[in-house]
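Architecture and fold: a report
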Amino acid sequence: MKSSKHLGIALGFLAGTTFGSGIAFLFRFEPVQLMFCVAICGLIGTISGLLTIPLWHSRV
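So, here is what we can say about the structure in this document.

The rules behind these values
Residues numbered from 1 in each chain as written. Predicted model: local features only at pLDDT ≥ 70, side-chain atom pairs only at ≥ 80, totals over all residues. Heavy atoms only, no water. Helix = DSSP H or I, 4+ residues; strand = E, 2+ residues; numbered from the N terminus. Contact = heavy atoms within 4.5 Å. Areas by Shrake-Rupley, 256 points an atom, 1.4 Å probe, with all protein chains shown as cover. Patch = residues over 30% accessible without salt bridge, like charges linked within 9 Å, V, L, I, M, F, W, Y side chains within 5 Å. Salt bridge = Lys/Arg side-chain N within 4 Å of Asp/Glu carboxyl O. Buried < 20%, exposed > 50% of the residue type's maximum accessible area, 1.4 Å probe, protein only.

So, about the overall build of the protein chain. Secondary structure summary: the protein chain contains two helices and zero strands in total. Seen through its principal axes, the protein chain has C-alpha atoms that stretch 40 × 15 × 10 Å. Considering only contacts within the protein chain whose residues lie at least 6 apart along the sequence, 67% involve residues at least 24 apart. Of the accessible surface of the protein chain, which amounts to about 4800 Å², a share of 77% is contributed by carbon and sulfur atoms.

So this is what it looks like as C-alpha cells:
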C-alpha cells in the first residue's frame, strides 16, 4: 500500500506540473506567474493522486 501512495503522489505531481506548464505556455505567462501556475497545478495534482489511489484499490 505504501508504494502505491508514493506512486500516486509521483504521478499526480508529474501530471499537475505538466498541465501547469502547458497552461502557462498557452497563456504566455511571465516567469513569476509561470512558477506560480506550475506550483499550484503540481499541488493540485499531488492531492488528486493521493485521493485517487484508494479509489483505484477499491476497484481492483
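Another aspect to go through is a nonpolar patch on the surface. A surface patch of nonpolar side chains, about 790 Å² in accessible area, is lined by Phe-25, Leu-26, Phe-27, Phe-29, Val-32, Leu-34 and Met-35. Tallying contributions element by element places helix α2 (residues 31–59) first for the nonpolar patch, with three residues. Among the structural elements, Phe-27 can be located in the loop between α1 (2–26) and α2.

When glycine is set aside, most residues are seen to have a negative phi, and most peptide bonds are trans. The phi angle at Arg-28 is positive, at roughly 50 degrees, despite the residue not being glycine. Take Arg-28: its relative accessible area is 72%, and that puts it in the exposed class.

The next thing to look at is the environment of Gly-16. Take Gly-16: it is sitting in helix α1. Note on Gly-16: relative accessible area 7%, which makes it buried. Once the C-alpha coordinates of Gly-16 and Ile-44 are considered, the two residues, 28 residues apart in sequence, prove to be 6.6 Å apart. Dropping the residues within four chain positions of it, Gly-16 is found in contact with Cys-41, Gly-42 and Gly-45.

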